[in-house]
Amino acid sequence: MTNLIFHHDAPRLPLVTPGVIPVLMYGAGPPRRRTGSIGGAVRSAVRRLGVRVPERAHDLLTVAMAVTAADTFANRETVEGQREAADGWTRDLRLRIPLENPAPWQPLRPLLEEALHFLSGDLWTLEFLPDGPLRPVPLRRGARTKLHGHDSVCLFSGGLDSAVGALDLLAAGRRPILVSHSYRGDAEKQEWIWGRLPTKVSRFAANAHPVSDLGHLNDVQMRTRSFNFLAYGALVAATLAQRGVAREPVDLIVPENGLIALNPPLTARRIGALSTRTTHPYFLGLVQRLFDELGLPVRITNPYAMKTKGEMLRECVDQATLAAIAHETVSCGKWKRTGKQCGKCVPCLIRRASFHAAGMQDPTPYEPYNQDLAAVLPREEAADDLMALVLAAKRLPTTDIGRWVGRTGPLPTDLDKRGGLLDVAHRGMAEVRAYLSSIGLIT
């Protein structure tokens, strides 16, 4: 078990001891006394909204910061020299989080703990306490995020799906504020793409920036990143509603193709640790319930839940802008290591398949030694994802789609919705199969 103690006042944090991690909430600068620190830059981004944000939306942000810190600082292998997870994966995490107003959160603990368990695979116990960080004083001068003239919020990661989502919204006459995680490397891509959109819209970008001096490595999985992302979006959307800028409920748009959102396991061993659930419909449904119970006037929607990535590309309304920016979008989860997309991980392979399915030239500058996937396959140490996709694609004609997709998480009981999700998973994998066949990896 790992206990994470949070506070915004550094002197009130305990000393680090075995099984206890103190974290300075919204701390600025490096941590002191072997503590963790998170959210200093996020607080600055909230100030730039120029208005006092809703209390419950800000407390949601605080909870998300705490979850991100726990997911980062509690290494799955070791904490303070102790083995944290008996199975090398599942952590028992207990968080004490001071909030401005903890009362509305107390009855929602089981719902949030269930959502986080589904998302990360860990055991979460949350304790909400008073004396939390107050909402930051709005910035009155300088560069502020313009709210007026916007009608919605759209998550904007710098990926291909988020670019298509933004382009389709703008083409439909919508005016979303684009919300981004601005991690190092991601920020430059996001800025570049944002600057080339056909219509100028505002952007809320923040970096949680979890840093620590705890004496052990941080965890790199970051399974709960999407909860943090949704909290950013909900804060901006609720602020739009509070100011009367947008009609309630304000749309929080999550542009993600159906296959990646469902992310069914490619092999039996990927059912747990290697199958992320960041935008799975069941998880988004749990978060929507949380928003509703908190009274946040925010509606999560994924307009591409029933589309493959190839269909998103082919049906994008603004093909001219898409062609001009696609090469700078990032799908690869490993690109930060070298500044290039690897071309052989699962997201890269689905990306490559989507261009093939859409009949479009793939302009992505992948790692040169992975351009030829036939040459990657014999390199056993480099071909794990590729081999898993090849095997899954080969099995597709005989796969029980319902059983396969259901392994990642619960599906809707509504037969039409359930059938639509199963069908998009089949079509998405069929795009991968067609691509692998076109380059001779499947006969």
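Everything numeric here is computed off the predicted structure, so don't read it as measured data.

J.: Which parts of the structure should I look at to understand the environment of Glu55?
T.: Locating Glu55 in the fold gives a position in helix 2 (residues 55-73). Judged by relative accessible area, which is 24%, Glu55 ranks as partly exposed. For the pair Glu55 and Leu99, spaced 44 residues apart in sequence, the C-alpha separation works out to 9.6 Å. Excluding residues that lie within four positions of it along the chain, Glu55 makes contacts with Glu100, Asn101 and Arg135.

J.: Which parts of the structure should I look at to understand the pattern of salt bridges?
T.: Side chains carrying opposite charge are able to pair once their charged atoms draw close together. Under the defined criterion, the tally for this structure stands at 17 salt bridges. Residue Asp92 is joined to Arg94 by a salt bridge in which the shortest nitrogen-to-oxygen separation is 3.7 Å. Residue Arg94 is classed as partly exposed on the basis of its relative accessible area, which comes to 33%. For Asp423, the salt bridge is made with Arg427, and the minimal N-O distance between the two is 2.6 Å. Here Arg427 and Asp423 lie together in helix 15 (residues 415-438), a separation of four residues that amounts to about one turn.

J.: Whenever I open this one, the sheet that holds strand 12 (residues 250-253) confuses me. Can you help?
T.: For sheets, the rule is that strands pair by backbone hydrogen bonds, running either parallel or antiparallel. Taken together, the five strands give an open sheet; going across it, the order is 10-9-8-12-13, and neighbouring strands pair in parallel fashion. Lying at the two open borders of the sheet, with one neighbouring strand each, are strand 10 (203-206) and strand 13 (298-301). Across the sheet, the mean angle separating the axes of adjacent strands is 20 degrees when strand polarity is ignored. Together, strand 8 (152-155), strand 9 (176-181), strand 10, strand 12 and strand 13 form the strand contacts of helix 6 (residues 225-242), whose direction differs from that of strand 9 by roughly 150 degrees.

J.: Before we go on, may I ask you to explain the packing of aromatic side chains in this structure?
T.: We describe a pair of aromatic rings using the distance from one ring centre to the other and the angle between the two ring planes. For the coordinates displayed, the defined rule picks out three aromatic pairs. For the ring pair Phe118 and Tyr282, a centre distance of 5.0 Å and an interplane angle of 70 degrees mean the geometry is edge-to-face. Pair noted here: Phe118 is in helix 3 (residues 109-120) and Tyr282 is in helix 8 (residues 281-294), with a separation of 164 residues, a long-range link. Look at Tyr282 and you get partly exposed, because its relative accessible area is 25%.

J.: Sorry if this is basic, but what is going on with the nonpolar core here?
T.: One recurring pattern in soluble globular proteins is that nonpolar side chains are buried together. If you look at the biggest cluster of nonpolar residues, it comprises 77 residues, and the most contacted ones within it are Leu95, Phe204 and Phe227. Residue contributions to this core peak at twelve residues, all from helix 6. The contact partners of Leu95, leaving out residues within four places of it in the chain, are Leu4, Phe6, Ala66, Val67, Ala70, Trp124, Thr125, Leu126 and Glu127. Counting 31 residues, the second-largest nonpolar core is a separate cluster that includes Leu259, Leu266, Ala392 and Trp404.

J.: Before we go on, may I ask you to explain unusual backbone geometry in this structure?
T.: A negative phi holds for most residues other than glycine; trans holds for most peptide bonds. A cis amide bond links Glu248 to the next residue, Pro249, at an omega of -10 degrees. In this structure, Pro249 sits in the loop between helix 6 and strand 12. Positive phi values are uncommon outside glycine, yet Asp131 reaches one of about 65 degrees. Among the residues examined, Asp131 registers a relative accessible area of 39% and is labelled partly exposed. In this structure, Asn263 takes a positive phi of about 45 degrees despite not being glycine.

J.: Looking at this structure, how should I read the pairing of strand 8?
T.: Judged by which residues are buried, strand 8 turns out to be covered on both faces: Ser152 and Cys154 on one side and Val153 and Leu155 on the other are all buried. Taken together, the four bridges between strand 8 and strand 9 define a ladder with parallel strand orientation. Residue pairing across strands places Cys154 opposite Leu178, the latter belonging to strand 9. Two strands pair when backbone bridges link them, and strand 8 and strand 12 are joined in this way by two bridges, in the parallel orientation. By the bridge assignment for strand 12, Val153 is matched with Leu252.

J.: Whenever I open this one, the sheet that holds strand 11 (residues 211-212) confuses me. Can you help?
T.: Spatially, the six strands line up as an open sheet ordered 7-6-1-2-3-11, and their pairing is mixed. Edge positions in the sheet fall to strand 7 (123-129) and strand 11, since each of these pairs with one other strand and no more. With two bridges connecting them, strand 3 (residues 36-39) and strand 11 associate as antiparallel partners. In the strand pairing of strand 11, Ser37 is matched with Val211. The sheet strands contacting helix 2 are strand 1 (2-7), strand 2 (20-27), strand 3, strand 6 (92-98), strand 7 and strand 11, and the helix crosses strand 2 at an angle near 135 degrees.

J.: Would you mind showing me how to read the pairing of strand 7 here?
T.: Side-chain direction in a regular strand flips from residue to residue, so the side chains alternate between the two faces of the sheet. Of the two faces of strand 7, only the one carrying Trp124, Leu126 and Phe128 is buried; Leu123, Thr125, Glu127 and Leu129 on the other face are not. Two strands pair when backbone bridges link them, and strand 6 and strand 7 are joined in this way by seven bridges, in the parallel orientation. When the sheet's bridge partners are listed, Leu95 is paired in strand 7 with Leu126. Between the parallel elements strand 6 and strand 7, the chain passes through helix 3 in a crossover that is right-handed.

J.: How should the side chain of Asp161 be read in this particular structure?
T.: Tracing the backbone through its elements, the reader meets Asp161 in helix 4 (residues 160-171). A distance of 2.8 Å separates polar atoms of two side chains, one belonging to Asp161 and the other to Lys309. Apart from residues lying up to four places away in sequence, Asp161 is in contact with Pro255, Glu256, Asn257, Lys309 and Met312.

J.: Help me understand the environment of Arg135 in this model?
T.: Looking at the secondary structure, you find Arg135 in the loop between strand 7 and strand 8. Assessed through its relative accessible area of 15%, Arg135 is described here as buried. Through-space distance from the C-alpha of Arg135 to that of Phe156 is 24 Å; in sequence the pair is 21 residues apart. Beyond its immediate stretch of four places on either side in the chain, Arg135 contacts Arg43, Arg52, Val53, Pro54, Glu55, His58 and Glu100. Within the structure, the side chain of Arg135 is placed 3.1 Å from the backbone oxygen of Val53, a separation counted as a polar contact.

What counts as what
Residues numbered from 1 in each chain as written. Predicted model: local features only at pLDDT ≥ 70, side-chain atom pairs only at ≥ 80, totals over all residues. Heavy atoms only, no water. Helix = DSSP H or I, 4+ residues; strand = E, 2+ residues; numbered from the N terminus. Buried < 20%, exposed > 50% of the residue type's maximum accessible area, 1.4 Å probe, protein only. Contact = heavy atoms within 4.5 Å. Salt bridge = Lys/Arg side-chain N within 4 Å of Asp/Glu carboxyl O. Pairing = 2+ DSSP bridges. Axes fitted to C-alpha atoms, helices over the stretch in contact; angles between N-to-C directions. Phe/Tyr/Trp six-rings, centres within 6.5 Å; stacked < 30°, edge-to-face > 60°. Core = buried A, V, L, I, M, F, W, Y, C linked by side-chain atoms within 4.5 Å. Right-handed = clockwise from strand over helix to strand, strands pointing away. Polar contact = N/O pair within 3.5 Å; in protein donor to acceptor, adjacent residues only side chain to side chain.

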